[in-house]
Amino acid sequence: MSGMIDSSYLTRMYSALPGNLTVRSTAARTSSFLDMAAKASRDTTDVLETSSRLEAAKDTETSNVDAYMEHLKKKYGRVTIESIGKDQASLEKAGKRMSGNDVVIAPNILNEMASDPKKAAYYEQKIDYFFTDVIPNGKAFAASMGLTFEPCGVVVHEDGTVTYICGGGDSPERVAEVNRINAEKAKKKAEQQRQYQEQSAAAAAQRRAMWERTAETAALEKTFSNIGDLLKTRMVSAPAITPEVSLPAGTNMFFLNM
């Protein structure tokens, strides 16, 4: 919108007023309206200039972040902008995606680093420490213990704290030795279990044989007891028999039907 107004248009507008109204001079009215229009034009220009400055600042900020991001990638390699939690689950999930030299920075920290050289130097020093101290010292210590050291990467959190993610484990030789020991233990345990099962089976068979013998003995005792009772009954109730053959005195003859 242009800041200039056609004065003839203002004159025509005010000349249409009814004659019975008291109106100030056209020149005064025209001058007052021109001042208002000029002020409005200046305000519009100020808004446009402010908006342009904000856009320019935003573009500059974005440009600074992009340029700083390129600097980090050239220095460290793989740099990711992401907010990662400080809890164990979040760190483990992030570590599984890392390849050893990853750098992950929260978006708000990246903006601070891009706009403040002191903060950039501070956080870069923290990141550098992972590569210059943590990794070599970690590998040396792990080697002295017969272990392996596996670096993952660095995480700069939203609150400005820094986490170094590393992994480790047994060497291949140690893994083979542990597997051998575990295999021997498993074999020994299986042998002990087999012997226990055999002993349990033998004991069960012995108990079963003993029970069977006990049952047979009880059955025989019951049978003999019944026979004894029957003999007593037959002897008591048997009628007197006149023997055809002379037998010794006090001798009786009887028959047992089984």
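Below is a short write-up of the structure. (Residues numbered from 1 in each chain as written. Predicted model: local features only at pLDDT ≥ 70, side-chain atom pairs only at ≥ 80, totals over all residues. Heavy atoms only, no water.)

1. Considering the packing of aromatic side chains
Summed over all chains, the structure comprises five aromatic pairs. Arranged with centres 6.0 Å apart and planes meeting at 20°, the rings of Tyr76 and Phe131 form a pair that is stacked. Here Tyr76 is found in helix α2 (residues 26–76), whereas its partner Phe131 is found in helix α5 (residues 117–144), with 55 residues between them in sequence. Phe131 gets classed as partly exposed once you look at its relative accessible area, which sits at 26%. Three or more aromatic residues link up through ring pairs in this structure, and these residues are Tyr76, Tyr129, Phe130, Phe131 and Tyr164. (Phe/Tyr/Trp six-rings, centres within 6.5 Å; stacked < 30°, edge-to-face > 60°. Helix = DSSP H or I, 4+ residues; strand = E, 2+ residues; numbered from the N terminus. Buried < 20%, exposed > 50% of the residue type's maximum accessible area, 1.4 Å probe, protein only.)

2. A word on the nonpolar core
Among the nonpolar cores identified, the biggest contains 20 residues, and Leu72, Val79, Ile105, Ile109, Leu110, Met113 and Ile127 are the most heavily contacted of them. Looking at this core, the elements that each hand over two or more residues are α2, β2 (102–105), α4 (107–115), α5 and β3 (147–156). In terms of residue count, α5 provides more of this core than any other element does, six residues in total. Each residue touching Ile105, except ones within four places of it in the same chain, is listed here: Leu72, Val79, Thr80, Ile81, Glu82, Leu110, Met113, Ile127 and Val156. (Core = buried A, V, L, I, M, F, W, Y, C linked by side-chain atoms within 4.5 Å. Contact = heavy atoms within 4.5 Å.)

3. Regarding α5
With 28 residues, α5 should reach 40 Å at 1.5 Å per residue; the first-to-last C-alpha distance of 40 Å fits that figure. Bending of α5 peaks at approximately 35° at the position of Tyr129. Looking only at α5, the buried set comprises Ala120, Tyr123, Glu124, Ile127, Phe130, Val134, Ile135, Gly138 and Ala142. Two or three places before Lys118, at the opening of α5, Asp116 has a side-chain oxygen 3.0 Å from that residue's backbone nitrogen. Phi turns positive, to about 75°, at Gly146, one or two residues after α5. (Expected span 1.5 Å × (residues − 1). Bend = angle between axes of the 7 residues up to and from the residue. Polar contact = N/O pair within 3.5 Å; in protein donor to acceptor, adjacent residues only side chain to side chain.)

4. A short note on the sheet that holds β2
Spatially, four strands are ordered β1-β2-β3-β4 in an open sheet, and the strand pairing comes out mixed. Each having just a single partner strand, β1 (79–81) and β4 (162–170) make up the two edges of the open sheet. Taken over all neighbouring pairs, the strand axes of this sheet differ in orientation by 25° on average, direction set aside. Of the strands in this sheet, β1, β2 and β3 are in contact with α4, which crosses β2 at around 90°. Where α5 meets the sheet, it contacts β2, β3 and β4, and its direction lies at approximately 170° from that of β3. (Pairing = 2+ DSSP bridges. Axes fitted to C-alpha atoms, helices over the stretch in contact; angles between N-to-C directions.)

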